[in-house]
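Chains, contacts and geometry: an overview
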Amino acid sequence: MNWKGLKRAAVVICFMFVFICTNIPAEAAEGETGTANINVKYGQTEARKMLDMVNAFRTGNDAWEWDSDDKTKIPHKDLVPLEYDYELEKVAMQRAAEIAFSYYPAHYRPDGSLCLTAYPNTHVYMSKGENIAAGYETAESVFVGWREDDENYAGQGHRRNMLNKDFTAIGIGHVYYNGYHYWVQEFGSPASGAAQTAANDGETTVSIDFLLSEATITLTPDVSSITVASGQSAALPNLDIQIKMNGIYPNWVSATATADYQWTVANGQFASINNGQVTGLADGTTTLTATVFGQTVTVNLMVGTGNNTGDNGSNGGNNTGSNGNNNGSNGGNTGTGDNNGGNAGTGDSSGVNNVTGGTWQQNGSGWWYQNPDGSWPAGGWQMINGTWYAFDENGYMREGWFWNGFHWYYLMPGSGAMAEGWLRLGNTWYYMTPGSGAMSEGWTRVGNTWYYMAPGSGAMAEGWQYINNTWYYLIPGSGAMAEGWARLGSTWYYLTPGSGAMAEGWQYINNTWYYMTPGSGVMAEGWQNINNTWYYLIPDSGMMAEGWARIGNTWYYLTPGSGAMAEGWVSVDNIWYYLTPKSGAMASNTWIGNYYVNGSGAWTRTR
């Protein structure tokens, strides 16, 4: 197995794995697996263009490779053109989707098995090989990357695959997913003879088996609670399933997937599930639970004799119980009386029992509300004149923080009105979901801006926050998640637009390469030794230098495209220069062996 680490390692990566008969690598990983479905966009018309490029390469004058001594070119003569194998194309398309889902370790599938297991059992390929790549946008660009013209023997594994005389067939796959292009070449011999198929350039759902131990799975229901009246039904929640594999490339993205799951009711006395609907059976509170890939998510379910809130609580909170009658001195509420219509609610009071015409009363124990019929709400929620209030079991209005068994709420001291939206208490901000009033926790989107509310406390986070193994920066004061370039003190960072994740490693931003120090995320400047290669990042801007650069009183040549500091003899615009090994400094006015370089560094004569 050979690793090709191009200098743009954060965007452009290639691997090669070649098998001749029984050349098999180490054992595959084992463990419990799950099956996810992802939607990818294939680009097979573009992928098939590469066949002519590969065959012209095999039969042309550039069909050579370095010997292991890096001194002798081994020519390849009389190579036959590869036949396009539509069975191998199916393998390449599956593998392209798989590397979009999980790129590392190279040439292993997301379920831990070897890439060879993707080959069909219906045809025996005596020779097999695979090239993979990510980040290249066109068939021509990835082909040039795989040619490895400027690499030494150790870096020409992909080239040797394309020039391998033992291969007689090829299939190529191309997937566009999560904003990135993924490419796969599958080689084999003999060809399967599979019938030609039309090029797939459309959206396709692909099933992928993956190791659960290598995945971080996030399940998010589209509602946090459902309120339904007895005898009525509501649609079950939908789950957003995000899977981030340990080997995903780039490392800040995750896969949006679908999978099979079923909802269950914790207490069948209160509700039942049939045909994608939950039906209320009796007044009470219970939960709906679904388990996907070993992860469990729970949604609160409230069943009452009041009005159904409609589509999964989209109208906001609802008093699910009736106001009840005065059952003695405590005036008990006969319904469940809970405001939990869902955090996604708009606050619309349609379908809610909005009481008007009563009067507020006060005694030594507090405030209470007397309904027009002489009863009073107790032990739950009541909308009064368009505002939500919570009452204790004795019917007194609650104030301050209130935990109803599912969520925290804040009732304004003095008025008792349920708080909604942003709430500042002391020096801490909270966000109370409009409509339901439930205190928000975790990532919360308000308008077009993301905020992070500390789980448990609900306090708005500020500054650097390490969340699920990723660093984010929440702007002090506002709490807004930072995106793009951020200067903190004298240091620059890059927070990935959309996700806000702190970028690390090589980053291609507005057609320019930058290097963000792994671990700290600090934008690198000046000379940097990265994976045993020197680069120069222009001070202040951090931009990767390319071409000729004068640093101090010394000239250097930074290879265009990769930015790698050149060493040894280099031809630039058909003129040869000598860059001193290790230091990279351009030699001038001196002899290099039998060759003389003048004051500009150009080789001018030989002795």
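For the structure itself, look to the data block above.
Below: a short report on this structure. Here, residues in each chain are numbered from 1, in the same order as that chain's written sequence. Reporting of local features is limited, given that this is a predicted model, to residues whose pLDDT is at least 70; pairs of side-chain atoms are given and counted only at 80 or more, and all residues count toward the totals for whole chains, interfaces and linings. With hydrogens and water stripped out, all remaining heavy atoms of the structure feed into the side-chain values.

1. A look at the overall build of the protein chain
Segments assigned H or I by DSSP are reported as helices when at least four residues long, segments assigned E as strands when at least two residues long, and all are numbered from the N terminus. On a plain count of helices and strands, the protein chain comes out with 5 helices and 46 strands. When the accessible surface of the protein chain is split by element, carbon and sulfur atoms take 46% of a total near 27,300 Å². The Shrake-Rupley method, run with a 1.4 Å probe sphere, supplies the accessible areas, and residue values consider only the shown protein chains as cover.

2. Quick word on the nonpolar core
Residue types Ala, Val, Leu, Ile, Met, Phe, Trp, Tyr and Cys, when buried and joined through side-chain atoms within 4.5 Å, form a set referred to as a nonpolar core. Throughout this description, buried means an accessible area under 20% of the type-specific maximum (1.4 Å probe, protein chains only), exposed means over 50%, and partly exposed covers the range between. Ranked by size, the top nonpolar core spans 53 residues in total, and within it V175, Y182, F210, I241, I243 and F293 carry the most contacts. Residue contributions to this core peak at 7 residues, all from helix α3 (residues 86-101). Dropping the residues within four chain positions of it, V175 is found in contact with V40, K41, Y42, M93, A96, A97, A100, Y180, H181 and Y182. Core analysis: the next-biggest nonpolar cluster, separate from the first, contains 23 residues, V54, A139, W146 and L163 among them. By definition, residues are in contact when any of their heavy atoms lie within 4.5 Å.

3. Section: the sheet that holds strand β46 (residues 603-606)
Strands are labelled as partners when DSSP assigns at least two bridges between them. Spatial strand order, β44-β45-β46: 3 strands in an open sheet with antiparallel pairing. Every interior strand has two partners, whereas the edge strands, β44 (590-592) and β46, have only one. Neighbour-to-neighbour, the strand axes of this sheet turn through a mean angle of 35°, independent of strand direction. Only the stretch in contact is used when fitting a helix axis, every axis being a line fitted to C-alpha atoms; angles between N-to-C directions are given from 0 to 180 degrees.

4. Some details on the side chain of N37
Of note, N37 is situated in strand β3 (residues 33-42). Distance and chemistry together define a polar contact, namely a pair of N or O atoms within 3.5 Å, with one atom able to donate a hydrogen and the other to accept it when in protein, and with adjacent residues in sequence counting only for side-chain atoms on both sides. Side-chain polar atoms of N37 contact the side chain of S207, separated by 2.7 Å. In this view, N37 contacts T205, V206, S207, T256, A257 and T258; residues no more than four positions away in its chain are not counted.

5. Quick notes on the sheet that holds strand β15 (residues 255-257)
Strand order in the open sheet made by the 3 strands is β11-β14-β15, with antiparallel pairing throughout. Looking at which strands have only one partner, the edges of the open sheet turn out to be β11 (215-221) and β15. Geometrically, the sheet is characterised by an average inter-axis angle of 25° between neighbouring strands, direction not taken into account. Pairing geometry for strand β14 (residues 239-245) and β15, over 3 bridges, is antiparallel. Among the inter-strand pairings, Q242 is bridged to a residue of β15, identified as T256.

6. Side note on the pattern of salt bridges
In what follows, salt bridge is the name for a side-chain nitrogen of Lys or Arg lying within 4 Å of a carboxyl oxygen of Asp or Glu. Applying the stated criterion across every chain yields a total of 11 salt bridges. As a salt-bridge pair, E46 and K49 come within 2.9 Å of each other at their nearest N and O atoms. Using a relative accessible area of 22% as the deciding quantity, one classes E46 as partly exposed. A relative accessible area of 45% places K49 in the partly exposed class. One salt bridge connects R95 with E98, and the closest N-O pair in it is separated by 3.1 Å.

7. Focus on the pairing of strand β39 (residues 533-537)
Judged by how many residues are buried, β39 sits mostly within the fold: 4 of 5 residues are covered. Across 5 bridges, the pairing between strand β38 (residues 526-530) and β39 is antiparallel. Bridging across to β39, Q528 finds its partner in Y535.

8. Concerning the side chain of S440
Its place among the elements puts S440 in the loop between β29 (428-432) and β30 (442-446). Exposure remark for S440: the relative accessible area of 7% places this residue in the buried category. Of the polar contacts made by the side chain of S440, one reaches the side chain of T444; its length is 2.3 Å. Those residues in contact with S440 that lie beyond four places of it in its chain are Y431, T433, M453 and G458.

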